[in-house]
Amino acid sequence: MMNFQGSHILSVSQLDREAIARILDISANMAPYAARQKRCTVLEGAILSNLFFEPSTRTRVSFGSAFNLLGGYVRETVGQENSSLSKGESLFDTAQVISGYSDVIAMRHPQMHSVEKFAKGSTVPVINGGDGANEHPTQALLDLFTIQSEMMHFHKGLDNLDIVLMGDLKHGRTVHSLSKLLSLYNNVKVTMVSPTALQMPDSVVSALEDSGHQVIITDTMAGNLSCDVIYQTRIQQERFASKDEADLYRGHFSLNKSIYQQYCRENTVIMHPLPRDSRPEANELDSDLNDLDSLAIFRQAQNGILVRMALFALTLGVEDQLTQYEKEVNWHTNKR
Ligand code: NCD
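Since the model is a prediction, treat every value here as computed from it, not as a measurement.

Help me get a handle on the site of the ligand, residues and values and all.
Near the ligand, the surroundings consist of Thr59, Arg108, His136, Gln139, Arg173, Thr174, Arg234, Gln236, Pro273, Leu274 and Pro275. In the environment of the ligand, an oxygen atom lies 3.0 Å from a nitrogen or oxygen atom belonging to the side chain of Arg108. Between the ligand and Pro273, the relevant distance is 2.9 Å, taken from a nitrogen atom to a main-chain nitrogen or oxygen of the residue. Relative to its free-state accessible area of 310 Å², the ligand is covered by the protein chains to the extent of 94%. Across the shell around the ligand, the residue classes tally to three nonpolar, five polar and three charged.

Account for the domain arrangement of the protein, with residues named and values stated.
Once the domains are mapped, the protein shows domain 1 (12-135 + 304-327) and domain 2 (137-298). Placing the centre of domain 1 and that of domain 2 at their C-alpha centroids yields a distance of 25 Å. With 29 residues of domain 1 in contact, the opposing surface of domain 2 contributes 24 residues. Summed over both partners, the interface of domain 1 with domain 2 buries about 2,100 Å², with 63% contributed by carbon and sulfur atoms. When the buried surface of domain 1 facing domain 2 is broken down by residue, Val12, Arg17 and Leu24 rank first, second and third, together holding 29% of it. Where domain 1 meets domain 2, there are four salt bridges. Between domain 1 and domain 2 we count 10 residue pairs in polar contact (both at pLDDT 80 or more) in total. Secondary structure elements with two or more residues in the side of domain 1 that touches domain 2: α1 (17-29), α3 (58-69), β4 (104-109), β5 (126-131) and α11 (297-315). Ranked by the residues each element gives to the side of domain 1 that touches domain 2, the list is headed by α1, at six residues. Its residues assigned to classes, the side of domain 1 that touches domain 2 comprises 13 nonpolar, eight polar and eight charged.

Which residues make up the sheet that holds β5, and what are the values?
With parallel pairing, four strands are arranged side by side in an open sheet as β3-β2-β4-β5. Bordering the open sheet on either side are β3 (73-78) and β5, each of which pairs with just one other strand. Going across the sheet, the axis of each strand differs from the next one's by a mean of 10°, ignoring polarity. Here five bridges tie strand β2 (residues 47-52) to β4, and the two strands are oriented parallel to one another. Looking at β4, one finds that Leu48 is bridged to Val104.

Break down the pairing of strand β8 (residues 214-218) for me, with residues and values.
Pairing of strand β7 (residues 189-193) with β8, which is carried by five bridges, proceeds in the parallel orientation. Bridging from a neighbouring strand, Val193 pairs with Thr218 of β8. Traced from β7 through helix α8 (residues 202-210) to β8, the parallel crossover comes out right-handed.

Just give me the short version of the sheet that holds β8, but keep the residues and values in it.
The strands that make up a sheet pair up through hydrogen bonds in the backbone, lying either parallel or antiparallel. Judged by pairing direction, the sheet is parallel, and its five strands sit side by side in the order β8-β7-β6-β9-β10 without closing on themselves. Pairing within the sheet leaves two strands with one partner each, and these edge strands are β8 and β10 (269-271). Along the sheet, successive strands turn relative to each other by an average axial angle of 15°, direction set aside. Across the face of the sheet, α8 comes into contact with β7 and β8 while running at roughly 145° to β8.

Can you explain the nonpolar core? Please cite residues and give values.
Ile163 and Phe312 are the most contacted members of the largest nonpolar core, which has 67 residues in total. In terms of residue count, the dominant contributor to this core is α11 (nine residues). Here this core spans two domains, since at least three of its residues come from each of domain 1 (12-135 + 304-327) and domain 2 (137-298). If we skip the residues at most four places from it in the chain, Ile163 touches Ile147, Leu178, Leu182, Val188, Lys189, Val190, Thr191, Val229 and Tyr231. Among the nonpolar cores identified, the runner-up in size contains 19 residues, and Val193, Leu289, Leu292 and Leu295 belong to it.

Please set out helix α4 (residues 91-101) residue by residue, giving values where relevant.
Taken together, the buried positions of α4 are Leu91, Thr94, Ala95, Ile98 and Ser99. Along α4, the residues classed as buried sweep out an arc of 120° about the axis, all on the same side. Residues of α4 that are buried in the fold lie against β2, β4 and α5 (114-120).

Conventions we followed
- Residues numbered from 1 in each chain as written.
- Predicted model: local features only at pLDDT ≥ 70, side-chain atom pairs only at ≥ 80, totals over all residues.
- Heavy atoms only, no water.
- Near = heavy atom within 4 Å.
- Polar contact = N/O pair within 3.5 Å; in protein donor to acceptor, adjacent residues only side chain to side chain.
- Areas by Shrake-Rupley, 256 points an atom, 1.4 Å probe, with all protein chains shown as cover.
- Nonpolar A, V, L, I, M, F, W, Y, C, P; charged D, E, K, R; others polar.
- Domains from an automatic or database assignment.
- Contact = heavy atoms within 4.5 Å.
- Buried area = accessible area lost by both parts, 1.4 Å probe.
- Salt bridge = Lys/Arg side-chain N within 4 Å of Asp/Glu carboxyl O.
- Helix = DSSP H or I, 4+ residues; strand = E, 2+ residues; numbered from the N terminus.
- Pairing = 2+ DSSP bridges.
- Axes fitted to C-alpha atoms, helices over the stretch in contact; angles between N-to-C directions.
- Right-handed = clockwise from strand over helix to strand, strands pointing away.
- Core = buried A, V, L, I, M, F, W, Y, C linked by side-chain atoms within 4.5 Å.
- Buried < 20%, exposed > 50% of the residue type's maximum accessible area, 1.4 Å probe, protein only.
- Arc of directions from axis to C-beta.

Right, here's the structure in full:
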């Protein structure tokens, strides 16, 4: 059994099915706090340092909110240009200093493996919030939580899943991490729809194939979208040499209601790590999908709070004390 307390969460490769099941169970227990039905102050006095050296909205805010929802305090720094990394400080030195100020650190950085490097200098747990095109383990866990909860309506689980991953599979760290996690389940079929130049890295494909799963690699949507879940992604412009190069691939696989109705199953669940690029030349998920119950993208983002709360509780070793620190809610937000 994996011991989470004091551990860094850097890659999904650290996790087995048992560890994932534990994270997803604890995530589900966080629902009443996230919905403000109860408060939990188990992390009162603890400090999260949220270091985001690359653009982010959801990941950064949800890490911070998740920590706040457990009673902790959040310190934040945003952008390399505003940090001493721009003065030539090494990740190791920054880690030594910031870990002295904190109980746990969440970090996003544009370079692959940078968070791992940083963690070597940290005296407290470090959680990877995305390191370049490499990995995004907390997103993959919230994606898995979402797939599990959406599939429950159809009496299905994570085994025997038929999923389509679509878009920029080369640079998309979320699909790298998610594919690795899916390889741990049984009899998964993964259809990878992308421009040829943006195909999934071989190592990720082999991880699935070596575990006996069926992988289909294609550059066409038509005929390939009849599945349980479509996971759409954004062209990761920031990983290309230029905007012009990224433009070559934008808008190839725009999903809208008419394509959905023509090619998907009646209840195919639509996911996307967000942000969706809604500019007309990209329009990955058309806003005409917004009224479909199958569009799970905002439930998915909401699940990020639960999963990040669970990871904080586990890495700080308080997952069994939540109910002891439960409080009434004495304000009304009329959350719907
Ligand atoms: C993703 C990321 O940053 O990798 N966003 C997120 O964290 N939800 C996906 C993306 O930016 O396209």
